[in-house]
Structures are given as C-alpha cells and as structure tokens.
Amino acid sequence: MKRIIKALAPLALCLCLFCAPALAAVANAEPEILRWGGDSEGGFPYMFPNPENPDELIGFEVDIVNELAAYMNRKPVYINNAWDNLIPGLLRDFYDISINGLEVTPEHEEVVNFSIPYYKTFLQLAVRKENTDIEELADCKGKVVGTLKESYAQMVLEELGNVEIRTYIVEANTYEDLQNGRLDAALFDSPIAIYSAGFNPAIKFVGKPIGEIEYAVAVTKKNKKLLAEVNEALVYLRDSGKLREIYDRWALWSPLMASEWGDYSPRRVESDRYNNWVETHRPALSMGERMTRYLGFLPTFGRAAVVTMQVSITAMAIAIVLGLALAIARVFAPRWLSLLSVGYVEFMRGTPVLIQLFFIFYGLPSVGIKLSPFWAGAIGLGLNYAAYEAEIYRGGLFAIPSTQWEAALALGMTRWQSMREVMLPQAVRVVIPPITNDFISLLKDSSLVSIITMVDLTKAYGQLAATYYDYFGPGIMVAVIYLLIGLPFVRFSRYAEQRLGEQDKDGSKKGRGRNFYRTSTRWH
Amino acid sequence: MVNKAEESLIVIENLNKGFEDGEVLKDVSLNIKEGDLVSIIGPSGCGKSTFLRCLNCLELLDSGYIRVGERELSRSGREQKPDERMLQIAHEIRCDVGMVFQSYNLFPHKTVLQNVMLAPLVVKKLKKEEAEEHALLFLEKVGLKGFAGKYPSTLSGGQGQRAAIARALAMNPKVMLYDEPTSALDPELVGEVLQVMKDLDREGMTQIIVTHEMKFARDASDYIVFMDKGEIVEYDDGDILFTQPKNPRTREFLRHFTGTDAVGAGAVNVR
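Residues numbered from 1 in each chain as written. Chains lettered and ligands numbered in written order. Predicted model: local features only at pLDDT ≥ 70, side-chain atom pairs only at ≥ 80, totals over all residues.

Participant: Can you walk me through the overall build of chain B in this structure?
Facilitator: Looking only at helices and strands, chain B has nine helices and ten strands in total. Within chain B, the proportion of its 271 residues that are buried is 46%. Relative to all contacts within chain B whose residues are 6 or more apart in sequence, the contacts with residues 24 or more apart total 63%. (Helix = DSSP H or I, 4+ residues; strand = E, 2+ residues; numbered from the N terminus. Buried ≥ 20, exposed ≤ 12 C-beta atoms within 10 Å, placed from the backbone. Contact = placed C-beta atoms within 7 Å.)

Next up, the structure:
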C-alpha cells in the first residue's frame, strides 16, 4: 500500500500542476477582476507583445482597458483568444468583455451588446509603390486583394464583386504578401494599415477613406449592469480627454475622429508609442541586436512549451486509457459494444481534429458542458488520439502468439485472467514504440489548442513573429524547442524496441483473428 | 487391454471434431485408468493433437462425451450452441488437466518462478508466499530450482520444457497431456524431458503423450494408441503393438521408423 502511495504521489502532483491553470481560467472572477478577451497575435496597434519586452502586452486598446478598469475600480486580467473566436469566447463566459477592434455590425449585435464606440475609423487601401493600376477601391475588380478574415473589409470586398479575396488571420502576413507580389492590394482598417505599412517605403496608400467602422466593447446580452458601467467609464474617458491622449500617443487621431468628437485641437502629446514602433521595425538589424532580441523570446517560449507539454501529456494519458478500453471492447465485448467501438474509432479518425476541438469548446456549452480551454484541448486531443491508440493496442494483441493465450487457458485461467495476466502485459511491450511515436505526433498536433485561446508554442511563435515581422529566427527557435521536447520520447521508443528485441526469442506463431478470442472459451 | 468405463479416470466416447476444412476426429472412444501412461502415435495430420486439445477443451468437441474425473461434458452436434453451463464445465475440466505444448509456450515476460506461480496465484488464489513455496517444490522436482529467477528466453529447450511441465504440475492436475513435448528439442536435450515424465509415472501421475519418440513410447507406456485419419486404428501394449501390429496401417506407419518390415524389439528408434 505504501508503495502505491509513493508511486502515486508524483502523479498527483503532476495532476495538480495540470489542473492549476485550467482551474484558474474557469474560476469565477472575484468582484474586483475584469476579464477581457483579445488576440495579441499580429494585433498591433490594438494589443501586441512589446517588441522591447515580449512578456509585456501593449497597444492602444491595452491603454484603454487599463483606463477603463481604473475608472471602474477593477483589476484587468487579459485572456487571449483567436480573433475570429472572440465573440464565441465571450458567449462562453470565458471573459467579461471583449475589446479588440470589434466592429459594430448587425450580425454581432444579434448575439452581443456593444458599448458606445470608443474609436471610429475607415478602411485603407494599400498597394505596392510601383503599382499604377489601382487608385481606388473600384479598381480592385479582377485583382487579388488580401484582408482580415471575417472583417468589415472582407464584406466590402465581397459586395464589390469580382475580386479574388484572400483572407488572413495575421495582418503582417498580408502586407508581406503584398510586398512580395502574391497580392495586388491590401484592404485593412486604417490603424492596421498605418502600423503595418505606414513606414514601409515599398508600399503606398491609395484612394479615399472607405466606409466607416466603429469599434466598441462587446458584453454579453445578459450582463446589462456591466455594459452600463463600461459606457459610463467610456464617456468619462472621452470627455476628460484621456482617450484623445491615448490616440495621440499612438498616432491614431484622424480627421474622422476629430469631426466625430468635435475636437479639432492640435496634437497634445508626442506620438511616442508610434515612434517606438517605427524605431523597432526599421529594417536591417545587426546580428548582435537580432540575437539579443531572440534571447528575449526565451521566457515566452519557455512558458508556451510548458503549456504544450501539459496539454500533450494529459491528452496522451486520456488516449492511452480510453484507447485500451476501446480495443478491449472491440475484441472481446458483445457484438453491439464492439460495433460501437469500431464506430467511435472510424468517426474520430474520419473527422478533422480541428472540428472536434471547435465542437468541444464552442459547441458543447450549448448542451451545458463547459470545459476550460485546457481541458477542452486535452480531452479533445485525447478523444481523437484514443482512436489511434485503440488500433495500436488491437494490433499489439494480435501480435502476441495465440499459443500464449492457449497456455494461459490450459492452466485453468478464465479469458479475463488470461487477458490481464498474460496477453495485456505482453501487448503493452509491443505497443510502446508505436504509442511513443504517436505521442510525438500528438505533441505537434497540440498546436491546434491555440484556436481555443491557449498560448502554446505555435501561438507564441505566431505572436512574436507577427510582432517583429520576423518569421525566420523565431521559427527556427520554436522548431528546435519542439524537437527538444520530443527527443526524450524518441529515445525511449528506441530503448523499448531494443528491450523487446531481446525478449522476443520465444513465440513464432502469430495471433489469430478476433473470433478466436471471442469464441474460445468463457470469461469470469 | 480394454479399460472399463466405470473404472477409468478419463472416458471418451464417440468424440467427433471437425473444422471448416473437414472432419479431424471420427467417433473416437478411449478409456484411461488412473496412473496410466498412454502414448499416442500416428502420422502427422492424423488428429492426435486435436484429440488432446479436445480432451482439455481448448477445442470444444462437436459431438460425443468426455468425462475427466467427475466432470462430464457432452454435446449432441455442432448445431447445439455451447451454453454457459457447457463452457463452465469446459473451464473446470481445464483446471483438472495439465497441458504441455510442443513449443513450451512459457510466458516470456515472467521469470521461471513467476511462470509456475501465476496460475496458482490467479486461479487458486493462493497467497504469494504459499504459491512461491509451492512453485519451488515443482521446480525442484524438474531440476530447475536454480533457474527460478531466469527469464524463459535464457533457458535451453530442455530447461524450457521442464519449466513448462512444472508450471502445469503446479495446478495439481488429475492428468497431464503432452503435445509432442520433445519435437522442438535438440536430440541431446530430449532425455532430460522424458526422464521427468518417467519420474511422474512412477509417482502415479496419469499422463497422455502425443509423441514421435518411439523408443520412449514403447519402453515407458502402459499402452500405445495408434491413430490414423482421425480414428484410433489400434491400441495395445507397447511391445505387442511394435512387434505384432494387427492392422496394415499400423504396420505401414511403423515401417517408416525402421526402414524394414520386420519390426524387431529395440529396432525402433526415433531419429
């Protein structure tokens, strides 16, 4: 008994470690906390990791939230989510408010309430410097135009018709593609355009401001009290000039805003935030500067690697246990249960794991099952991989010579005893190498959890790379980290294979079909 | 030579067994007394292995009657689906019958001692210390006490087969079945395994051996059963069967082992 406790203690500890972030995320907010959701990946100038210190989140919306929270006497807690999932996340009560360039559109207003707008802007068309075909929006017909996925700009382009629209999740990628010729033009909210290309000599802005976009804070329909609080705070911030100050610092005060708020006064403070941005994005960084910057990424990547490992290990534990149950059900259970197991395996293998994750995280709450991002990710991946593990176990069982099964039965063991004492322990040895391989592939698939608000290695890469316009260095770094995490498991797999090779001198006949197990005698 | 059913430990009557590709055993009847050592010989494919496997219910008979001790199993034909009760009896018979296979079938993931202890622990629910003591007793009997901690893959063939015998004995079976126990062994290792069987015979163990060791069969058996094409062709005392076979099929089979028609005493040897 003592030995069992000793063996379980580290397991329990691990479990606590895993649960902690998950629990923290679901725990109901204490009164003084204001959970706000946004997407920092490529989120400049709204919210993005500070290029000088990647651990710090900056952006004009971050400044707004801080002012809002200060006025409301609350402590802001940032929760990251993919931009096109911000509204679903809000509906899931994953955060209290969402603020991230969310446009007040009829579709959005159907599902959430919006505060009064805190910023008004327009769409800005950008083309390459040498381009002369496109001078305004109408010229985009027949051209390839890039924009943000599910944004107002996409709608405008769709209404224009006959435009080949490429939608992006990361703004920086769009302007990169514009520069290298994959796109003819890019249409974005003006702040994005300014911060992406305003200082890029290879790109120019063309045409008049297009449309009007109002950004507002999204709050769930039922949370009317919070909406009132937010509105009150916004009015105060606008009238006291605090918002104007923020827009000046970020160089986002525009003629449109001036006419909207009736404030035609000249700039009051330095555009220091914008200048910093331009400074850090001037091209041709020296090697030394580059290396220093990369070193600064390490803590961010380290934390992300922990997330990746927690999700992967938990998911694998689920997959191993459930897979075993599925395999046993398939081989031994009554026909209907066996068919159920086959159905599960085929269904899970036959549908994309991405869909499964979306369904578990955003779909299940509709029937009352709310999982934290961590558990949604771990369970989603675990359920998916269980299907693959089940097939591996099944192969493992059939790899053990049927003579072993007979020998156990001949000794008077029941089918269950033979399975437990003789077949499974041997099958486990056979399946260790393929299961280890699966774990390595799970480690990579765990990058999918970034779509359900977790900041894992892949998400961290996206955030940092988009912030610095640098997909090269961070890409190598993140690849090396994935390799390093996977390496011990590769070695373990080799070791297990060797051990198996040494023991596998006996037993020549291969196993029989599943009917052999099913019919050959009784269970107890 | 014919044992009466009521005096026998094992009774087999009109045993039939077939697989998809045809009948393997046809109306086999045989009675075996307690303490007998019976050898079954015959050409390969004649059904001797299937006969053994039916006897300990690794294969369920199609029709006929089997009695081992007090446990009786009968079936009217393949159309009679095996029910819970039938499977329960089959399981009980397996507990009373020890089986030794041609390829030993030791459990490779367990040591020799663990191999022998496993069934008493799991089936008879003995305590660990008890099972260990018990197992060591049988390992000593087959001369493998010093190999208790070794893994099967490190044993020689003869040692492996003796360990398998100890494993079967540890369940205190009423009868031991051997399916060509020495066929996979190097010639110089055959003797040590046969010796174990002879020792067991002296202790009064009932044993049925499917074998190609003609000299052993002749010397050690109480009687020999010759099977061909799924039938028992004849059975008799070893010396009589080998020297005066009544049936031409027996004569033909034995000639393969001697190369001559005259089957003299001691002239028959296996290799």
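Read on for the rest.
Participant: It is not clear to me how the interface of chain B and chain A should be interpreted in this structure. Could you clarify?
Facilitator: Accessible area lost when the parts come together is the quantity often used to give the size of an interface. Taken residue by residue, the interface counts 24 residues in chain B and 22 residues in chain A. For the side of chain B that touches chain A, the elements supplying multiple residues, two or more each, are helix H2 (84–96) and helix H3 (112–122) of chain B. For the side of chain B that touches chain A, the residue count by class is 15 nonpolar, seven polar and two charged. (Nonpolar A, V, L, I, M, F, W, Y, C, P; charged D, E, K, R; others polar.)

Participant: Looking at this structure, how should I read the sheet that holds strand S11 (residues 203–215) of chain A?
Facilitator: Within a sheet, neighbouring strands are paired by backbone hydrogen bonds and run either parallel or antiparallel to one another. All names here are of chain A. In space, the five strands of this open sheet follow the order S9-S8-S10-S7-S11, with mixed pairing throughout. With partners counted over all chains shown, the strands left at the sheet margins are strand S9 (164–168) and S11, one partner each. If you compare each strand with its neighbour and ignore which way they point, the axes differ by 20° on average. Strand direction decides the pairing type here: strand S8 (residues 144–148) and strand S10 (residues 185–189), joined by two bridges, are parallel. Residue pairing for S10: Gly146 is matched across the bridge by Ala186. With respect to the sheet, helix H7 (residues 190–197) is in contact with strand S7 (119–128), S10 and S11, its orientation differing from that of S7 by roughly 45°. (Pairing = 2+ DSSP bridges. Axes fitted to C-alpha atoms, helices over the stretch in contact; angles between N-to-C directions.)

Participant: Help me understand the pairing of S10 of chain A in this model?
Facilitator: Within a regular strand, the side chains alternate between the two sheet faces. Residue and element names in this part refer to chain A. Most of S10 sits out of view: five of its five residues are buried. For S7 and S10, the ladder comprises five bridges, and the chain directions are antiparallel. Across the sheet, residue Val127 finds its bridge partner in S10, namely Ala185.

Participant: Sorry, what's going on with the packing of helix H12 (residues 287–332) of chain A against helix H15 (residues 373–399) of chain A here?
Facilitator: Relative orientation and spacing of two packed helices are given, respectively, by the angle between their axes and the distance between those axes. All names here are of chain A. Running from N to C, H12 and H15 cross one another at 40°; their axes reach a closest spacing of 5 Å. As judged from the angle between their axes, H12 and H15 are oblique. Between H12 and H15 lies a crossing whose hand is right-handed. Taken together, the residues of the contact of H12 with H15 break down into 20 nonpolar, four polar and three charged. (Parallel < 35°, antiparallel > 145°, perpendicular 65-115°, else oblique. Left-handed = near helix turned anticlockwise from the far one by under 90°.)

Participant: Is there a simple way to think about helix H5 (residues 152–160) of chain A in this case?
Facilitator: Residue and element names in this part refer to chain A. For H5, every residue scored as buried is listed here: Tyr152, Ala153 and Leu157. Taken down its axis, H5 places every buried residue within 140° of arc, on the same side. Of the residues in H5, the exposed ones pointing more than 90 degrees away from the buried face are Glu158 and Glu159. Looking at the buried positions of H5, the neighbouring elements they touch are S7, S8, S9, S10 and S11. A positive phi of about 75° marks Gly161, the residue just after H5. (Arc of directions from axis to C-beta.)

Participant: Which parts of the structure should I look at to understand the packing of helix H6 (residues 171–179) of chain A against H7 of chain A?
Facilitator: Residue and element names in this part refer to chain A. The contact between H6 and H7 brings their axes to 10 Å, and the two run at 60°. The angle between the axes of H6 and H7 places the two elements in the oblique class. Crossing handedness for the pair H6 and H7: right-handed. Mapping the contact onto sequence places Glu171, Ala172 and Tyr175 in H6 and Ile192, Ser196 and Ala197 in H7. In the contact of H6 with H7, the residues fall into four nonpolar, one polar and one charged.

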